[in-house]
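# Structural overview
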Amino acid sequence: MDHFTYRNGVLHAEDVPLPAIAQAVGTPVYIYSRATFERHARVFRDGLAAIPNKHIAFAIKSNPNLAVLNVLSREGYGADVVSGGEMARALAAGVPAKDIVFSGVGKTRAELAQGLKEGIGQFNIEHEPEGVALAETAHAMGLTAPATLRVNPDVDAGTHAKISTGKKENKFGVGIDSAPEIFGRLAALPGLNLRGVAVHIGSQLFDLAPMAAAFERVGALVQTLRDAGHYITHVDLGGGLGIPYKAGEALPPSPADYGDMVARVTRDWNVHLTFEPGRVIAGNAGVLLTEVLWVKPGAAAPFVVVDAAMNDLARPAMYDAWHDFQPVIETGERMTASLVGPVCESGDTFAIGRDIGVVGPGDLAVFRTAGAYGATMASTYNSRALVPEVMVDGDRFAVVADRIPAGTIMAAERVPDWLR
Ligand code: LLP
């Protein structure tokens, strides 16, 4: 459930009519609902109520805005980060260092040292040389790094190929069969407290069975490691729970269904569990507000040209993702149109031949479910401004990320003397 609803035919974010935000901030603009973030954070935690020892680390790659992190930190969420930049954001937003988990396949030695210096709670090691580097760095600093080894369980998550991570051909983790050997070598290193394993098989998962299969394999690995004399206290189960993008579509498993599955599979593990949800918390807590520029005739259906583009919301161009489109003022009439942005490539298409509420030039509309992997993936392609973000809280709202004009980006560029 979210807090983007029509009142008297006008789409609101909580108690704020969206035209008020368009007037104050302009378009395109991302709009987040604080109450929706809080609701999702609570529903996800409630789904895990049967799990006694746990830590929930929001995958901040899905939405790293400082105001968003602040809201989730107040809900007791830690942060799953994948770069030094994300680590700095989590700390700046007030997430305690001990609640930060550092994932990611290409951590640099400098980033590992940064994490050690800050005293973050857990490093998820992606392969043996990274583990050795972490151990050496920690040892040299007189520290011990709390860590898990990420394993690749070779399970097909049944999601889009570009966001699947748990098949053996994917770049993530060490093959689960070689994990005991690698674990044994890393666990012996000074500077490392290798205390468990981590897994994440993909994103936007609509089926719990592959996740359950991956977790079963991890459970068997934990037993193998314990039999070999290792002290296993932590398992990180990653994120990945899918969300509804399309009104009327079959629903994904709920956080409660997910929690039941996890409780069943991990019943006898006797470990502390970490979760890294991103999309399920952020996705439906945000919309992208846009204005219709033109309606242009097309061969099959007219093109509705909006002022948001693939540089603002990349998911349709990158993954053929569906985002519901709704006019801000309900008319009740329908039309069939293709939804496109101003960027000069045909990939800048949000929808082809879609049945939508009637819109015309000057009308406002939103792309729904844009709170996760929306603003964070924005660019300035075609020398467009970097899209701003607004947070709504009841009847008030604030700009939580400025629009960065093309001129500011240009001001950071230089023509060297030898070209003058
Ligand atoms: N943990 C790890 C190690 C991850 O790689 C990810 C996402 C998550 C947690 C959070 O997954 P979530 O709960 O959000 O599914 N840009 C793509 C999604 C990429 C996901 C990358 N990893 C999209 O727009 O669909």
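Residues numbered from 1 in each chain as written. Predicted model: local features only at pLDDT ≥ 70, side-chain atom pairs only at ≥ 80, totals over all residues. Heavy atoms only, no water.

## Digging into the domain arrangement of the protein chain
How we decide: Boundaries of every domain are those given by an automatic assignment or by a domain database. By definition in these notes, contact holds between two residues if any of their heavy atoms fall within 4.5 Å. Here's the idea: put two parts together, see how much 1.4 Å probe accessible area each one loses, and the total over both is what we call buried area. Each salt bridge in this description consists of a side-chain nitrogen of Lys or Arg and a carboxyl oxygen of Asp or Glu lying within 4 Å of one another. Polar contacts, as counted here, are pairs of nitrogen or oxygen atoms within 3.5 Å of one another; within protein the pair requires one atom able to donate a hydrogen and one able to accept it, and residues that are adjacent in sequence qualify only if both atoms are side-chain atoms. What counts as a helix is a DSSP run of H or I of at least four residues, what counts as a strand is a run of E of at least two, and both are numbered from the N terminus.
One can read the domain layout of the protein chain as domain 1 (4-32 + 283-411) and domain 2 (34-281). For domain 1 and domain 2, the distance between their C-alpha centroids amounts to 32 Å. Across the contact, 23 residues belong to domain 1 and 24 residues belong to domain 2. In this assembly, domain 1 packs against domain 2 so that about 2100 Å² is buried in total across both faces, 56% of it on carbon and sulfur atoms. Area buried by domain 1 at its contact with domain 2 is led by Tyr319, Tyr373 and Met391, which between them contribute 26% of it. At the junction of domain 1 and domain 2, the tally comes to one salt bridge. Across the salt bridge formed by arginine 34 and aspartate 393, the nearest N and O atoms sit 3.3 Å from each other. Put simply, domain 1 and domain 2 have 13 residue pairs in polar contact (both at pLDDT 80 or more) between them. Listed by contribution, the elements that provide at least two residues to the side of domain 1 that touches domain 2 are helix H11 (315-319), strand E20 (389-393) and strand E21 (396-401).

## Some thoughts on the pattern of salt bridges
Basically, it comes down to this: Relative accessibility decides the category of a residue: with a 1.4 Å probe and only protein chains considered, values under 20% of the type maximum give buried, values over 50% give exposed, and everything between is partly exposed.
A full pass over the atoms with the stated rule returns 18 salt bridges. Between arginine 7 and aspartate 15 there is a salt bridge, with its nearest N and O atoms 2.9 Å apart. Taking relative accessible area as the criterion, arginine 7 reaches 34% and is therefore assigned partly exposed. The exposure class of aspartate 15 is partly exposed, given its relative accessible area of 38%. One salt bridge in this structure joins arginine 396 and aspartate 393, with 2.7 Å as the shortest N-O distance. In this structure, a network of salt bridges that share partners links the residues Arg34, Glu38, Asp393 and Arg396.

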